[in-house]
Amino acid sequence: MSALGESPLLPAGGARVRAVNDEFHGDLLEVSMGPHHPSTHGVFRMVATLDGERIVKLKPVFGYLHRNHEKIGESTTYLSSMPYTDRLDYLNSMTNNWAYALAVEKLAGLPVPERAEYLRVILAELSRLQNHICLAGFLLQDTGASGTPLMYAFREREKILGLFESLSGSRMMCNYQRFGGCRVDAPPDWILRARQLVDGFGAFLDEFEELVTGNEIVMARTQGIGVLTAAAAVSAGVTGPMLRAAGVGYDIRKVDGYGLYPRFSFRVPIGAHGDTYDRYMIRILEMRESISILQQALRDIPEGPIMDPKAKIRGFRPKPGEAYGRIEGPKGEIGFYLISDGTPNPYRYRVRPPSFVNLTVLEDLCLGHTIADSVVVLGSIDIVLGEVDR
Amino acid sequence: MIETLESLSQRILTRFPGAEVLVVPNPAPAAQHSLLLGAGQARAIAEFLRDDGALKLDLCSNVTGVDWPEKVIVETAKSSVSDPAGGPDKVVEVKTERRQPGCLEVVYHLYSVSLKHGPLVIRMRTADRAAGVTLPSLTPVWRAAEFQEREVFDLFGVVFEGHPDLRRILMWDGFKDHPMRKDYVEPEDYEWEPTPHGDLLAKVKLMHPDPAAAASPPAGGAKP
């Protein structure tokens, strides 16, 4: 390669860490990780420029799963977009459904019955549990703890997916929420089963944490890796557990108070260092808070209708206008921006995907670390490509 | 929000005299009205919104584009014309066509993490949909706009001036059109790409300028 100044790998202003080209440092090497690589959690590619083993530049490349979800949303009716939202973040179809239903309810001004609101909270928190436990399992898989923790996590996740299946008919593609309520009511034994699962989840978390949280190798691989400062996180629009791990107490459940969240008492855990270990730990603590919310909700859930009797399922046409609705999804702020022109289809249908925006800081987190650490950092961001690419 | 958009736009106007600020009402029940900013001072106003003590809109949550194609609005005006023969008056309908020029719009949803309020919706409009599609990038103000503005550039074709890395993000680099525009027509085979096979065919054409002559069987030759 020619002198470093003319290197095509390092354009002016490209990387903050400058590589030195002397007898100790060789040429820069460009490595393309992905799109088919088990550690990239989907069809995602990182083009990393390496100086030895250190990353001096990293560009995320995506779009391999792009199917123009928003264009599909504009060409179908409001209701027929609901099953498509399952496919965004396919781990959390329940929260995607809720965010979309919330945006449409804001657009059309629809009330939601109390029991439906309770069901929404219960399902969203169950969804958060299975998302976070999955993330913890995958993160450990990325650090090299091959298999066992992931299988433990998946065992618990299967139980939650079983609950989803018995309620909505599908494990992952639930298509459960409707504008102004939910699709089917939960039978009494479902509530009982959910209560049993939630009561046993804390013990599982204790066991999981005993195995993992204090593990020396996990700490060595994650502490001090990929530090995100609070100012950088807010400026880059990072939301969700990643933002809270950076020490910013911003939880949309508290800030917006949507649904029935003001009724429940729960705490918002905040990280102190903003590193990968904090991002892992925040998820564990959030699961503990979710258990507390679930216990309150499953105790207090009232009887009653699950759909507003005046809600229109067929021939639904909101009046012209626009609305942006957002909720605290397990990955961060998931929002829907809708413009209605009075026709049955939305004029504009926009998804604000949390993991897409959270990826903005990937390069910053990885600079100066080794290529093996970039895998762990990416795992701690918690991306789902169905949502990033849309 | 702490203050109404009217008082906020007044404050912006006193701070930036001559700036174009317009309140766009939203008739939906959510009543999320928005501020339409002129492209000229948009970045300075955005910095003001981020740094002002009462607003502190430090989280740029959502950035997106909206395509408004050119519309022909037909207006009918009825007028009565008296009949010269003395009969009853005739009602004549006069149709006038008015062209509403199209534009591309970029919408930003701003929240405040430190003061926990929002959203404030700001929007900018391009001059037209063909040549004047340049708008100032707000990525220097909120880094959160970096990927989302790239997406708007990719799918709508808005060119953001001052964006650090304006490339396509979801479509591939060689792609020509902007798929989220309302008048986008899907090509017949959009996965076509020049392959070595295509080069080979070009070479064959060079060697055999007339493919019909090259393919035709020799005179009196083999059976079809």
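Residues numbered from 1 in each chain as written. Chains lettered and ligands numbered in written order. Predicted model: local features only at pLDDT ≥ 70, side-chain atom pairs only at ≥ 80, totals over all residues.

Colleague: Mind showing me how you'd approach helix H14 (residues 371-381) of chain A here?
Modeller: Residue and element names in this part refer to chain A. Among the 11 residues that make up H14, nine are buried, leaving the element largely enclosed by the rest of the structure. Those residues of H14 that fall on the buried side of the exposure criterion are Asp373, Ser374, Val375, Val376, Val377, Leu378, Gly379, Ser380 and Ile381. Looking at the residues trailing H14, positive phi occurs at Asp382, about 70°. (Buried ≥ 20, exposed ≤ 12 C-beta atoms within 10 Å, placed from the backbone. Helix = DSSP H or I, 4+ residues; strand = E, 2+ residues; numbered from the N terminus.)

Colleague: Would you mind going over the interface of chain A and chain B with me for this structure?
Modeller: Accessible area lost when the parts come together is the quantity often used to give the size of an interface. Facing 33 residues of chain A, the contacting portion of chain B comprises 28 residues. Contributing elements (two or more residues each) for the side of chain A that touches chain B: helix H1 (69-75), helix H3 (93-108), helix H8 (230-235), strand S8 (321-329), strand S9 (332-340), strand S10 (348-352) and helix H12 (354-358) of chain A. Of the residues assigned to the side of chain A that touches chain B, the class counts are 14 nonpolar, nine polar and 10 charged. (Contact = placed C-beta atoms within 7 Å. Nonpolar A, V, L, I, M, F, W, Y, C, P; charged D, E, K, R; others polar.)

Colleague: Please explain the packing of helix H4 (residues 114-143) of chain A against helix H5 (residues 148-168) of chain A as it appears in this structure.
Modeller: Geometrically, a packed helix pair is captured by the angle between its two axes and the distance between the axes. Residue and element names in this part refer to chain A. Look at H4 against H5: their axes get within 8 Å of each other, and the N-to-C directions meet at 160°. Accordingly, the angle class assigned to the pair H4 and H5 is roughly antiparallel. In the crossing of H4 with H5, the sense of the turn from one axis to the other is left-handed. Contact residues: H4 offers Leu126, Leu129, Gln130, Ile133, Cys134, Ala136, Gly137, Phe138, Leu140 and Gln141, while H5 offers Pro149, Leu150, Ala153, Phe154, Glu156, Arg157, Ile160, Leu161 and Leu163. Taken together, the residues of the contact of H4 with H5 break down into 14 nonpolar, three polar and two charged. (Axes fitted to C-alpha atoms, helices over the stretch in contact; angles between N-to-C directions. Parallel < 35°, antiparallel > 145°, perpendicular 65-115°, else oblique. Left-handed = near helix turned anticlockwise from the far one by under 90°.)

Colleague: What is the right way to read the sheet that holds strand S5 (residues 54-61) of chain A from this model?
Modeller: The pairing of strands in a sheet comes from backbone hydrogen bonds and takes either a parallel or an antiparallel form. Residues and elements named next belong to chain A. Read from one edge of the open sheet, three strands run S1-S4-S5, paired in antiparallel fashion. With partners counted over all chains shown, the strands left at the sheet margins are strand S1 (29-33) and S5, one partner each. If you compare each strand with its neighbour and ignore which way they point, the axes differ by 20° on average. Looking at chain direction, strand S4 (residues 45-51) and S5 are connected through seven bridges and run antiparallel. Following the sheet pairing, Met46 is matched in S5 by Pro60. On top of the sheet, H14 reaches S1, S4 and S5; it is set at about 145° to S4, its chief contact. (Pairing = 2+ DSSP bridges.)

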